[in-house]
Amino acid sequence: MAGNTHKFQAPKGTRDFYPPAMAVRRYIESVWREVSINHGFEEIDGPTFEHLELYTAKSGPGIVSELFSFRREGGDADYALRPEFTPTLARMYASAAQTLPKPVKWFCIPNFFRAERPQRGRLREFFQWNADIIGDDSPSADAEVIAVTVGVLEKFGFTPDQVKVKISHRDVVRDLLMHLGIKEQDLQTTFELIDRRDKIPDHEFEASLGQLGLSIDRIYDIKRLSGAPFEIGEEYQIAEYFEGVPKSGIESLERLGSELRDRGLRPWCHYNFSIVRGLAYYTGTVFEVIAEGERSVAGGGRYDKLVELVGGPLTPAVGIAMGDVVLRLILEDRGLLGETEEYLPRPDVFVISALDDDGGQMRKLVADLRRSGLHARHSYRATKNVGKLLGEAGKVRARFAVILGKELEDGAVALKDLESGDQREVKVELLVQTLKDALGK
RNA sequence: GCGGCUGUAGCUCAGCUGGUUAGAGCACCUGGUUGUGGUCCAGGGGGUCGAGGGUUCGAGUCCCUUCAGCCGCCCCA
């Protein structure tokens with residue numbers, strides 16, 4: 001055993017999940033799943049790898065260097081481990097579009113792979129919750145996706161002062177920028193500039209805008225636009241501030257704002273036009289979940305062209321994705337994760353034999369308990385020391401202990417409540433029912 | 001792809017300017033003998049000091065390479 005321990009290491013950027021870590025992972029997944037289902041989403045999944053072209057079709061050839069791609073020995077098809085779910089989702093929807101109701105609300109919790117250098121909040125394999133509504137182009141669908149996201153955040157125990165949903169809208173930003181004098185061919189550059197606003201010095205930001213031919217006043221307007229957030233429900237302020245801007249974008253924001261207010265989401269949300277994520281394919285509303293000092297926890301938006309891009313009918317869609325890596329960091333930082341052991345399943349009953357030879361009774365009893373649906377364990381240690389065995393029962397956080405001893409001659413066992421310490425004798429044939437009653441099962 | 005820091009038992013670390021068979025706490029296992037718990041006592045297993053090479057009489061301790069981790073840059077679907 002010694003010596004070969006270091007022969008193989010887990011690949012860079014991957015994680016091993018030992019029981020406590022796995023229990024935490026299941027907890028996170030259970031929150032995602034439960035809230036998704038409560039909001040009317042149905043769970044799906046797709047293949048772990050797809051044809052490489054599915055990803056290059058959406059993101060361009062540059063994406064390949066970020067993918068784990070491969071070709072079979074002797075084969076001629078290129079594949080890639082999935083780096084995200086949306087292409088698979090679009091493909092799945094496109095190939096079944098005729099038979100699917102509108103809209104469909106789907107969620108999934110797959111693992112993804114990206115060939116990037118690991119750093120804080122980023123690994124090469126991670127888990128990510130996705131929730132999408134396909135076939136509904138109304139602001140209501142956008143709001144519903146934001147609602148399920150906030151539902152997840154609340155379920156994890158976050159409060160609106162800890163995490164925020166930043167909302168933007170491509171059309172609004174485009175209209176505002178063009179209204180402020182940005183030429184259409186400079187839009188992309190300006191988007192990227194706004195996206196990098198926090199990373200570059202103020203004078204550099206201003207200088208770059210100046211190079212696009214903007215006056216000092218207009219540069220100030222754009223700084224205002226990409227700076228402080230706007231409240232939900234105060235869209236008129238935006239319209240007033242940028243007087244003369246086309247109405248259509250603002251109106252769609254107003255409808256979204258109204259939908260968010262109806263759902264009681266206002267404390268969690270605000271407009272922030274510095275969010276410019278996913279320019280490549282987002283078409284309307286875009287949003288990000290942000291916690292102070294961390295990279296974004298979740299992001300999403302409307303992508304009305306994607307299903308068509310993979311060969312389906314023109315179909316509106318909106319979705320969100322939340323990865324587990326940044327989420328864990330924030331949960332830990334906010335003290336919302338307990339000790340990992342607390343997430344391990346607690347045994348209902350721990351069976352102890354104090355007899356030198358119980359004639360197989362302990363094994364039979366454990367088997368009966370398990371057959372009746374209870375989580376039953378016993379020790380693998382040789383000792384008959386009841387104290388030590390009870391210690392083990394306590395360590396695995398069992399709720400009850402059953403002790404086989406001399407009372408077995410009368411067909412009874414000792415049943416001890418490990419939390420209260422109360423103990424009583426119970427006839428063996430009544431044990432299962434007694435335990436079930438006590439456990440409320 | 002680029003840069004900085006780090007790498008000693010399962011975990012957290014100690015090991016002074018290179019010098020006898022590499023340590024502690026926690027965890028784990030066994031026992032404290034004939035039935036009551038996370039305490040206590042005693043004992044035990046486990047490390048070729050990330051790996052490879054070099055300098056040296058001698059390296060965990062110095063140098064090079066490599067792998068991995070952390071933190072940034074690029075990128076971020």
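The structure displayed is predicted, hence computed values, not measured ones.

**Concerning the packing of helix 7 (residues 202–211) against helix 8 (residues 216–226)**
At a closest axis distance of 10 Å, the pairing of helix 7 and helix 8 adopts a crossing angle of 120 degrees. On the basis of their axis angle, the class for helix 7 and helix 8 is oblique. By crossing handedness, the relation of helix 7 to helix 8 is classed as right-handed. Residues D202, F205, E206, L209 and G210 of helix 7 lie in contact with helix 8, whose contacting residues are I219, I222, K223 and S226. Across the contact of helix 7 with helix 8, the residue classes break down as four nonpolar, two polar and three charged.

**Section: the pairing of strand 4 (residues 78–81)**
Here strand 2 (residues 49–51) pairs with strand 4 via three bridges, running antiparallel. Across the sheet, the residue bridging to F49 is L81, located in strand 4. Linking two consecutive strands that pair antiparallel, namely strand 3 (residues 69–71) and strand 4, is a turn of six residues; a positive phi of about 85 degrees is found at G74 within it.

**Overview of the confidence of the model for chain A**
Of all residues in chain A, 98% attain a pLDDT of 70 or more, and the chain-wide mean is 90. As scored by the predictor, the complex reaches a pTM of 0.93 and an ipTM of 0.87.

**Quick notes on the packing of aromatic side chains**
Overall, the coordinates contain ten aromatic pairs when judged by the stated rule. Ring centres of F17 and F127 lie 5.9 Å apart, and the angle between their planes is 75 degrees; on these two criteria the pair is classed as edge-to-face. You can see F17 sitting in the segment before helix 1 (19–38) and its partner F127 sitting in strand 7 (residues 125–134), a full 110 residues away along the chain. Note on F17: relative accessible area 24%, which makes it partly exposed.

**Observations concerning the pattern of salt bridges**
On inspection of all chains with the given rule, the structure shows 29 salt bridges. A salt bridge links E84 to K58; its shortest N-O distance comes to 2.5 Å. Of this pair, E84 sits in the loop between strand 4 and helix 3 (86–96) while K58 sits in helix 2 (residues 52–59), and the two are 26 residues apart along the sequence. K58 carries the same exposure label as E84, and that label is buried. Linked through salt bridges whose partners overlap, the residues forming this network are R197, D202, E206 and K223.

The rules we used
- Within any chain, residue numbers begin from 1 and follow the written order of that chain's sequence.
- All chains are assigned letters beginning at A, and all ligands numbers beginning at 1, according to the order in which they are written.
- Only residues with pLDDT of 70 or above have their local features reported here, since the model is predicted, and side-chain atom pairs are shown and tallied only from 80 upward, although totals for entire chains, interfaces and linings are computed over all residues.
- The side-chain figures draw on all heavy atoms in the structure; neither hydrogens nor water molecules are used.
- For every element, the axis is a line fit to its C-alpha atoms; helices are fit only across the contacting stretch, and the angle between N-to-C directions ranges from 0 to 180 degrees.
- Secondary structure counts use DSSP, requiring at least four H or I residues in a row for a helix and at least two E residues in a row for a strand, with both numbered from the N terminus.
- Oblique is the label for any angle not covered by the other classes, which are roughly parallel (under 35 degrees), roughly antiparallel (over 145) and roughly perpendicular (65 to 115).
- Crossing handedness: left-handed means the near helix sits turned counterclockwise from the far one by under a right angle, and right-handed means the same turn made clockwise.
- Should any heavy atoms of two residues lie within 4.5 Å, those residues are considered in contact.
- Only Asp, Glu, Lys and Arg are considered charged in this grouping, and only Ala, Val, Leu, Ile, Met, Phe, Trp, Tyr, Cys and Pro are considered nonpolar; every other residue, Gly among them, is considered polar.
- Pairing between strands requires that DSSP locate at least two bridges from one strand to the other.
- Confidence of the predictor at the level of single residues is captured by pLDDT, which takes values from 0 to 100.
- Whether two aromatic rings pair depends on their centres lying within 6.5 Å, for rings of Phe, Tyr and Trp, where Trp uses its six-membered ring; planes under 30 degrees apart make the pair stacked, over 60 edge-to-face, and the rest tilted.
- Exposure is judged per residue with a 1.4 Å probe applied to protein chains only, and the accessible area is read against the type maximum: over 50% gives exposed, under 20% gives buried, and values in between give partly exposed.
- For this analysis, a salt bridge means a side-chain nitrogen from Lys or Arg found within 4 Å of a carboxyl oxygen belonging to Asp or Glu.

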